[in-house]
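Here are the chains, one letter per residue:
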Amino acid sequence: MRMRTLVSAAALTAASLVPVVATAAPSSAVTAHTWQRLAECESSGRWHVNTGNGYYGGLQISAGTWRAYGGRHFASLPHRASKHQQIKVANRIKAHQGWGAWPACSSRIGVR
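Residues numbered from 1 in each chain as written. Predicted model: local features only at pLDDT ≥ 70, side-chain atom pairs only at ≥ 80, totals over all residues. Heavy atoms only, no water.

Novice: Let's hear about the state of the cysteines: which residues, and what values?
Specialist: Applying the stated criterion across every chain, the model contains one disulfide. The partner cysteine of Cys41 in its disulfide is Cys105, sulfur to sulfur 2.0 Å. Taking the sign of the torsion about the S-S bond as the criterion, the disulfide between Cys41 and Cys105, at about -75 degrees, is left-handed. Residue Cys41 is located in helix 2 (residues 32-43), and its partner Cys105 is located in helix 5 (residues 103-109); the two are separated by 64 residues in the primary sequence. (Disulfide = S-S within 2.5 Å. Helix = DSSP H or I, 4+ residues; strand = E, 2+ residues; numbered from the N terminus.)

Here's what the structure looks like:
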């Protein structure tokens, strides 16, 4: 009986040391809705647009920035990638450059 109590106590102690995994997104996470609002401003929400101005896709990302943040893993240029893939790269850009990567539109939609 004493052995069972010691094992149970050890198991309970070990379980309490396991880190808790948060299921909520961090406060710095950007929702798909926010990216959509930004795309509405940047490109009228046209995720596959190439207007010839040197910026591509819904979030108007330059080719150099796309490459620098791993976009070529998805497609050669942003407008050839899916909306989800463009957002994935945009999250990387935002993590390093902040909303300043989209200065006019981020200000217009009220994100900082």
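Okay, back to it.
Novice: Account for the environment of His48, with residues named and values stated.
Specialist: Assignment of secondary structure puts His48 in the loop between helix 2 and strand 1 (55-56). Not counting the four nearest positions on each side in its chain, His48 is found in contact with His79, Ala81 and Ser82. At 3.4 Å, the side chain of His48 forms a polar contact with the backbone oxygen of Ala81. (Contact = heavy atoms within 4.5 Å. Polar contact = N/O pair within 3.5 Å; in protein donor to acceptor, adjacent residues only side chain to side chain.)

Novice: I'd like a rundown of helix 4 (residues 83-97), residues and numbers included.
Specialist: Look at helix 4: 20 Å from first C-alpha to last across 15 residues, which is about the 21 Å you get at 1.5 Å a residue. Among the residues making up helix 4, those that are buried are Gln86, Ile87, Val89, Ala90, Ile93 and Lys94. The arc that holds every buried residue of helix 4, seen down its axis, measures 165 degrees, which confines them to one face. Relative to its buried face, helix 4 has exposed residues pointing more than 90 degrees away, namely His84, Ala95 and His96. (Expected span 1.5 Å × (residues − 1). Buried < 20%, exposed > 50% of the residue type's maximum accessible area, 1.4 Å probe, protein only. Arc of directions from axis to C-beta.)

Novice: If you had to explain the side chain of Gln86 to someone new, which residues and values would you point to?
Specialist: Assignment of secondary structure puts Gln86 in helix 4. The class for Gln86 is buried, based on a relative accessible area of 0%. Discounting residues that sit within four places of it in the chain, Gln86 has contacts with Trp47, Gly57, Gly58, Leu59, Ile61, Trp66, Pro78, His79 and Ala81.

Novice: Quick one: what's the story with the side chain of Thr34, residue by residue and with numbers?
Specialist: Within the fold, Thr34 resides in helix 2. Look at Thr34 and you get buried, because its relative accessible area is 13%. A distance of 3.0 Å separates a polar atom in the side chain of Thr34 from a polar atom in the side chain of Thr31. Apart from residues lying up to four places away in sequence, Thr34 is in contact with Trp99, Ile109 and Val111.

Novice: Which residues make up the packing of aromatic side chains, and what values go with them?
Specialist: Per the counting criterion, the structure on display carries three aromatic pairs. Consider the rings of Trp35 and Trp99, whose centres lie 5.2 Å apart with planes at 50 degrees: the pair is tilted. Of the two residues, Trp35 is situated in helix 2 and Trp99 in the loop between helix 4 and helix 5; the sequence distance between them amounts to 64 residues. Judged by centre distance (5.3 Å) and plane angle (75 degrees), the rings of Trp35 and Trp102 are edge-to-face. (Phe/Tyr/Trp six-rings, centres within 6.5 Å; stacked < 30°, edge-to-face > 60°.)

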